[in-house]
Amino acid sequence: LAALFKMAIRYKEEKGHTYQFLIEPKPREPAKHQYDYDAATAMAFLSHYGLNEHFKLNIEPNHTTLAGHDFEHDIILSSQYGMLGSVDSNTGDPLVGWDTDQFPMDYKKATLAMGAIVDQGGIAPGGLNFDCKVRRESTDDVDLFIGHIGAMDCFAKGLRN
């Protein structure tokens, strides 16, 4: 896998592109033990293969809870190591055991996440991405809109706190 990442870096440099590569820790997909189980293992993999200057992490808090950590854990950890590049701003049910991509509504957790982002001076060129789904029978545009607004309000309150 590191060889593939190095090929991508060479291609990017040959073309003169300046975009940021991101990888997303994702436990148990497709296997239990892998290079990207959580932020710590992903950063160790990148460092071991000399890729950490070219990659940052896209943290999905729902994946963080599936790895057995609190919502904000991987955001704070990757930020402290200068590796936070983007956040898929969703959550899930930690008791379910699979990726449910729910809209975040816990402003206390959002406050901890936004604190890490502010402390590192922002999150450019990445950002807060709302990779979420409505968790009921409706797929109406209005319901999707309300879900996104509620999640953005949650993070706005977290930023304000």
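Keep in mind that this is a model prediction, so the values were computed, not measured.

A. Representation of the overall build of the protein in the model. Scanning the protein from N- to C-terminus turns up six helices and four strands. Along the chain direction, N to C, the helices and strands of the protein fall in the order α-β-α-β-α-α-β-α-β-α. Radius of gyration (C-alpha) of the protein: 16 Å, near the 15 Å computed for a compact globule of 161 residues. Long-range pairs, those at least 24 residues apart, make up 71% of the contacts in the protein between residues at least 6 apart in sequence.

B. Layout of unusual backbone geometry. For the bond running from Ala124 to Pro125, omega is 5°, close enough to zero to count as cis. Relative to the elements of secondary structure, Pro125 occurs in the loop between helix H5 (107-119) and strand E4 (128-129). Despite not being glycine, Asp101 has its phi angle at roughly 50°, a positive value. In this fold, Asp101 is placed in the loop between strand E3 (84-88) and H5.

C. Molecular detail of the confidence of the model for the protein. Of all residues in the protein, 94% have pLDDT values of 70 or greater, and the mean over the chain is 89. At the level of individual helices and strands, the protein shows its lowest average pLDDT in helix H6 (residues 141-160), which scores 89, and its highest in helix H1 (residues 2-15), which scores 97.

D. Region of interest: a nonpolar patch on the surface. The grouping of Val142, Phe145, Ile146, Ile149 and Met152 at the surface amounts to a nonpolar patch, some 480 Å² of accessible area in total. You can see Ile149 is positioned in helix H6.

E. Spotlight on the pairing of E3. Most of E3 sits out of view: five of its five residues are buried. For strand E2 (residues 55-59) and E3, the ladder comprises three bridges, and the chain directions are parallel. Residue pairing in the sheet places Ile59 in a bridge with Val87 of E3. Bridge analysis of E3 against E4 gives two bridges, and the strand direction is parallel. The partner of Val87 across the bridge, within E4, is Leu128. Read from E3 through H5 to E4, the crossover connection turns out right-handed.

F. Representation of the packing of helix H4 (residues 73-80) against H5. Two elements in contact, H4 and H5, have axes separated by 9 Å at closest approach and are oriented at 10°. Judged on the interaxial angle alone, H5 and H4 are roughly parallel. Residue-level contacts link Ile75, Ile76 and Ser79 of H4 to Leu112, Ala113 and Ala116 of H5.

G. Main features of the sheet that holds E4. With parallel pairing, the four strands of this open sheet are ordered in space as E1-E2-E3-E4. Taken across any chain shown, the strands that pair with only one partner, and hence form the sheet edges, are strand E1 (21-23) and E4.

H. Focus on the nonpolar core. Within the largest apolar cluster, 28 residues are counted, with the highest numbers of intra-cluster contacts made by Ile23, Leu46, Leu51, Phe55, Leu57, Ile75 and Leu84. Counting only elements with at least two residues in this core, the list comes to H1, E1, helix H2 (39-48), E2, H4, E3, H5 and H6.

I. How the structure looks around the side chain of Glu72. Take Glu72: it is sitting in the loop between helix H3 (61-66) and H4. Setting aside residues up to four positions removed in sequence, Glu72 forms contacts with Lys109, Leu112 and Ala113.

J. Representation of the pairing of E2. Counted residue by residue, E2 has four buried out of five residues, so it is predominantly covered. Of the pairings in the sheet, the one linking E1 to E2 comprises three bridges and is parallel in character. Along E2, the bridge assignment pairs Ile23 with Leu57.

Conventions and cut-offs
- Residues numbered from 1 in each chain as written.
- Predicted model: local features only at pLDDT ≥ 70, side-chain atom pairs only at ≥ 80, totals over all residues.
- Heavy atoms only, no water.
- Helix = DSSP H or I, 4+ residues; strand = E, 2+ residues; numbered from the N terminus.
- Rg over C-alpha atoms; globule rule 2.2 N^0.38 Å.
- Contact = heavy atoms within 4.5 Å.
- pLDDT = per-residue confidence, 0-100.
- Patch = residues over 30% accessible without salt bridge, like charges linked within 9 Å, V, L, I, M, F, W, Y side chains within 5 Å.
- Areas by Shrake-Rupley, 256 points an atom, 1.4 Å probe, with all protein chains shown as cover.
- Salt bridge = Lys/Arg side-chain N within 4 Å of Asp/Glu carboxyl O.
- Buried < 20%, exposed > 50% of the residue type's maximum accessible area, 1.4 Å probe, protein only.
- Pairing = 2+ DSSP bridges.
- Right-handed = clockwise from strand over helix to strand, strands pointing away.
- Axes fitted to C-alpha atoms, helices over the stretch in contact; angles between N-to-C directions.
- Parallel < 35°, antiparallel > 145°, perpendicular 65-115°, else oblique.
- Core = buried A, V, L, I, M, F, W, Y, C linked by side-chain atoms within 4.5 Å.

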